[in-house]
Amino acid sequence: MAKRTKANNFAQLAIQEILRFLGCKQSSEIDTPSKPTRNIPLRETFSQRSMSQHPKQYTTNPEDIRGRKNWDRIPKDVQQIISPFLAGNLILKETPSSTQYPIYCNSIRFDYWVRLFTRDVIQRCSGKLGELLQKLQKVVMYDTSLSLYVLPHAVLNIVRFGGEADSDIIRSELLLVLQDVKLLEDLIDEGVVKKVHDGRRFVLESSSREPRVLQQHSNSKLFLKILGEKRSITGIDDEMVVTVDQPFTSSNAGEGKVNYCITKGMTSVSNWEDTQEKFTGMTQTVFSLIDSLTRWLEKTTTKAEGPNEISSEVRNQAKSVEKFLLAIPKRVLAETSYRCAAFDRSLTYLETAIREEWSRSDAKSENSKQPARNQTIDDHALELLQHIYAGLEDADNLTGVAEMRQRSSVEETILDSEIVGDWTSALACYEQALQQAPDSIRNHQGLLHCLRNLGHLHTMLTHAEGGINRYPNEATNFRSYALQASWRLGRWDLIQQHLDETSLQDTSIKTPFQNHLARVLLLLQKGEESSCKKQIRRARQSVLDSLAAASMESYQRAYPLVLRLHMLTEIEHVQHLFFNSTDTSQEAKRSAIEAVKASWEKRFEHTQAGLMGREPLLALRRVLFQMLDLKSEVADSWLYFAKAARHAGHESTAQSAIMQAERYGALKSHIERAKLKWSNPTERYDAVRVLKEYIDIQSQSPNGDMAINAKAIALHWRWTQELGMQEISQIIENFQEHCSRLPSNHRESEKINFLLGHFYDISLFPDRTGASKYEGTGNNGCKVTNRKDSQLLPPILKHYATSLQYGHKYIFQSLPRLLTLWFENAENPSVSPDIKKQLHSALQRMKTNVPSYTWLSVFSQLISRICHNDPEVLSCLISIIASVFIKHPAECLWQMVAVIRSNQSPRRKPAREALTLALNQLKNDPSLRNKVEDILKAYIGQDHRHGFVDELVKLCSVAWKKDVKSRTVNMQQEGVNLIRMMKSQQMKNKILMPEQAMLIPVLPCDGRASMSHNPYPEHSVYVKDFEEQVEVMQSVQKPVVVRVLGSDGKCYKFLCKPNDDLRKDSRMMDFNTMINRLLLNDSDSRKRNLCIRTFAVVPLNETNGIIQWVNNTNVIRGILNAQYDMEFGKEYHSTKKISEMYSKRLKPKGDLNEIEFYRLLTSKYPPVFHRWFLNNFRDPATWVLARNSFVRSTAVWSMVGYVIGLGDRHAENVLIEATSGNCIHVDFACIFNKGETLQVPERVPFRLTPNIIDPMGVCGYKGAFTSMCTLTMRILRDNRDSLMNVLETFAHDPLVEWIKKDSDRNQSESTQKLGKCERRLRGEVTRYPDRRDIRQLLSVSGQVRAVIAEAVDPENLSQMYKWWMPWL
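Residues numbered from 1 in each chain as written. Predicted model: local features only at pLDDT ≥ 70, side-chain atom pairs only at ≥ 80, totals over all residues. Heavy atoms only, no water.

### Regarding unusual backbone geometry
Okay, so step 1: Within the chain, N1112 stands out as a residue other than glycine whose phi angle is a positive 60°.
Okay, so step 2: In this fold, N1112 is placed in the loop between β15 (1104-1108) and β16 (1113-1115).
Okay, so step 3: A positive phi angle is found at D1227, which is not glycine, with a value near 65°.
Okay, so step 4: With respect to the helices, strands and loops of the structure, D1227 is situated in the loop between β18 (1223-1225) and α55 (1250-1253).
Okay, so step 5: Residue classification places D1227 among the partly exposed residues on the basis of a relative accessible area of 23%. (Helix = DSSP H or I, 4+ residues; strand = E, 2+ residues; numbered from the N terminus. Buried < 20%, exposed > 50% of the residue type's maximum accessible area, 1.4 Å probe, protein only.)

Given below as structure tokens:
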């Protein structure tokens, strides 16, 4: 109590002194009591003067004014609490105290170290702030949280204003903590104690084949660990006799076969986990100090680069802070961070250290021409880098580390195998390692981990029990694995046995969570309600204790602990069913169980994807279902686990899970077994056989599950067709015969109809998947060549159309294909009029039978064919467009305005006819007709003149036509009609905001067709007003940036662009939207969040349009120019300097060949982009996320750009989102390899220049970038037909630049361009025209590596246009 009172006194003094520092004084204006609200006790460290009887009044004195302002900034509720201290007169009696350095030692507690260190740092502070902080030196000794808050400010004060001696003392203290933690787990050797002499001399038997490796560490600080205790080693001889400084406390330290380990670093500690938590707190404190100093330095440096120059005094202070930070080795920080599981931070420091070493190496070599990333990394750094990426679970970057290693050890191979989930290989490696070191506990535990993940639970149990008997001192660890296997197998007798044995162990050892979990399940099984609840509370508390420390670093580190809490909560759900159910009827019980299952499914969706992360939860659920006697749920859980294991590539694990599911009578087990065999290319015929046997058995059983039968039939015949086991006509006949046995609700489904349409499609066009339809003549994959074959067209369209009535899982395969067949064959002379009539009828039925959002997904394809030559097709097409327009007028109009206002009559006329037809169809609904008419008038005006769109077109070209020189124009002058329109009541909520979220339709989440589904946001945003100032961009075309106020109160920016055909940009966004959907459908891509950042592009006619502005973006050239200016001086990378360098190159004496000149530029302008990421994303976790986003988005854009031949990727057409690091491409004028026809032809497939590679890490493009490119290209190639259907719109709605050429050549040119795209999607590599294309169909990996090699080839880069800036 006395200690608490003393602490309160010091706190009161601190508040009093802070108020004085702020200039706050008692006055009549401040409502304070004349006396303190309570008596302040006097202690030996205080004296109290008499209180002032008359409060001092505020004057016009600047100091008084400052005090009043500071007081007003304090919240009112806080003012009421602290106002009594305005009149305080407590005085601190100076009690000098000196602290001896180093403060840190192994035995010191974390909280005491922080308080003592803070107090000493405060005593060394100077200046006015130092005077204030020194008033807190007594308070901090009683409050750890206050110490942690004050310490960064105090350290900054000393580094800025103090002497070098004080800075050196503080730095030495921090380094001491870092270096000790760095050595915390540095394992040198392990093995068995053979004999003990005098309690201090131990004869050791090493498990290593080279025990004399200890002699290499003879000069290091080594410690011997036995039974959880550590002692300092004072001597080691050649016979492996180790002498320690003092005896071990345990009497068993030398009896029997006791294991030992030798480490570098820590002294003796009694509780190892407490030590780790202590050092986590210490290192977090050190990291916070470093981060605080870094932030101040960067803030000061930024000011120095700005318009306000800083004083020379502050500049010198910045140099002192920089010197202090540089004196702390980055490698030490990296290794310490890794030891504390702060993997993001460790990666940041390690890469910085490696780059600094590269820079020093380059500085020593004057003739160095290679970029830093091509230099080598030492083995120790590579090993640490591998472990960091393993901790981050980043398998993609681990591949880059593997390529940089010259050879791999068994341990490194194990790490690579574990991170990719190849547990079979990891198990083999552990077995090999155990042959070399049979007593290695770490290898035994790794082997048990593999057995658990492979599902070999009986083997795991046997091995764990053998470990308990063989290594009694490690029984706790082995018993934890035994308990994991036991509760998974439902061996409650073994659980009881092992838990009874754990009760005999040392109580000072922390109980593992698996022991808690096993005891909870055992008590639940026994029905002991009270004991079960108590044990759950203990288990939860044990998790929370660890979670507090883990959550300080990152969510990823804390997630395994969160998952444990998740598991305990689900046990409580079952416990409630066991003990608290009042209604005991079977119906009520089943209802309660179904409610729990539904809750579990929702909870499961929020867990992190990945087999190993979810396995403990799935295993727990199986056990709980068994307790509830729910055999079907147990079977389904095993099948789900088998499916997840199959997707993860764990064949043996999946096989074991299927066998377990069969034990519980799972009906779907045959299908899962067949899918597992199909995943192995050598067993695909067996997969078909398994399904055939199942179908034959079920055909004789009238009580079978028809849903499962339907799935088996569909899979069987699809695989039969893919393997070519029967003729396609036989497949169609047999498939229809099997389907006829199914009930109508299973026969009439999306999948069955899609497969039937697909089979008929293959029957009619057997070569569609093999050859390009854009090359050669004859059957090109969509046009029939004779009337006999044309008879198959109606069933194709019928079944594709019927499938869309039931769902949209195959919408991007069936609908574009259906439309292509209809458009291509409607005017085909080889098709009879009767067949054509059937085709038109099928489309007319679709118009009413499928939901409107189905057509919206291909609306651009419909619009591109609006000038079709066949009258019947055109009539049907206009009818479809009209019906969709009626349901979504505002959304459709933004996509139609370009054709409604087209300069080409064949396109403009049908579009307007569609609008007229829509209004005519609404004659019987006056209310809806008036609404649609009002929207039409708002957009395009009366008689298609003087509408919102017309005025917007005028605004696009206002700066260009008037040759405006200023950077802004006034909306009241140049857009007065738009302003007037928006003030009209008739325009309220009529013009939909042309923003991406408002224009992209969203399909139903459940995959089923729904006529009532609204594909657009429920609360749409409409244009409300315009901001007065319009920004004029300083480019040749002078586009303008307008700011539009939405009905939701937010401001939206748009670029209004003249003299540019934005239809290509709009279709690129359609193409990218399709790619995003494909990426989202792939599990590997979804796990990595691969996507393309899209934005709305709305063409207003052939020469004008608007583009949604992407906020928080900067062009790469601007970012790099600013970075070069910061590091090398202003105008270092200016246009003038680059022009001078190019002009010097052309002089006779300065002539260099292209490659030499390119290397000269890369050496003068070294990569600096990684520094922007470090500066822009200060937090290490945010930095890792931003860098991953950059690498992944760059990879996706690179592959997409390569497929469509996207060129002109200069440094101003590539943007970076400053908030996420995403790479965004703009300006798609140069597609279909147009860059190869420029005056200086482009030679690279995409931009992969030194600065683009620079932020990818020290492994460069060989790590995650190549992996992401391979994944993206696989998805693109798997969906070739769907992507080509989107690109076909270019051929049927050609660009202005294509129309200028004669019509015959136009069609030929468009098909050639599309043919090149399709060749890339088939696996060919198209190169610059003067180099031979690779016409061989390469694997995805081979194709990706080939195009990356083209992109980074110095010969190609050296010949690029100078303002493309290939050196950046």
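### Considerations on the pairing of strand β11 (residues 1029-1032)
It is a general feature of regular strands that their side chains alternate between the two faces of the sheet.
Okay, so step 1: Residues of β11 alternate between two faces, with V1030 and V1032 buried on one and Q1029 and E1031 left unburied on the opposite face.
Okay, so step 2: Relative to β11, strand β9 (residues 968-970) is paired through three bridges, and the arrangement is antiparallel. For V969, the partnering residue across the bridge sits in β11 and is V1030. (Pairing = 2+ DSSP bridges.)

### Digging into the packing of aromatic side chains
Okay, so step 1: Summed over the entire model, instances satisfying the criterion amount to 30 aromatic pairs.
Okay, so step 2: Ring geometry for W678 against W719: centres 4.5 Å apart, planes inclined by 5°, an arrangement best described as stacked. With W678 in helix α27 (residues 669-678) and W719 in helix α29 (residues 706-723), this pair connects stretches of sequence that are 41 residues apart.
Okay, so step 3: Using a relative accessible area of 3% as the deciding quantity, one classes W719 as buried.
Okay, so step 4: The rings of F1169, W1172, F1173, F1177 and F1190 are connected pair by pair, giving a single aromatic cluster.
Okay, so step 5: Of note, K1164 hangs over the ring of Y1165, and the distance from its end group to the ring centre comes to 5.7 Å.
Okay, so step 6: The ring of W1364 has R1247 lying over it, and the distance from NZ or CZ to the ring centre is 4.3 Å. (Phe/Tyr/Trp six-rings, centres within 6.5 Å; stacked < 30°, edge-to-face > 60°. Lys NZ or Arg CZ within 6 Å of the ring centre and 35° of its normal.)

### A word on the pattern of salt bridges
Okay, so step 1: This structure, assessed with the given rule, holds 48 salt bridges.
Okay, so step 2: Taking the shortest distance from any N to any O, the salt bridge between D378 and R331 comes out at 2.5 Å. Taken as a pair, D378 in the loop between α11 (343-364) and α12 (379-391) and R331 in helix α10 (residues 330-339) lie far apart in primary sequence, 47 residues in all.
Okay, so step 3: With relative accessibility at 33%, the residue D378 sits in the partly exposed group.
Okay, so step 4: We classify R331 as buried; its relative accessible area is 19%.
Okay, so step 5: The partner of E594 in a salt bridge is R590, and the shortest N-O contact between them spans 2.8 Å. Taken together, the residues span about one helical turn, with E594 and R590 both in helix α23 (residues 586-605) at a distance of four residues.
Okay, so step 6: We classify R590 as partly exposed; its relative accessible area is 33%.
Okay, so step 7: If you follow the salt bridges from partner to partner, you end up with R590, E594, K597 and E633 in one network. (Salt bridge = Lys/Arg side-chain N within 4 Å of Asp/Glu carboxyl O.)

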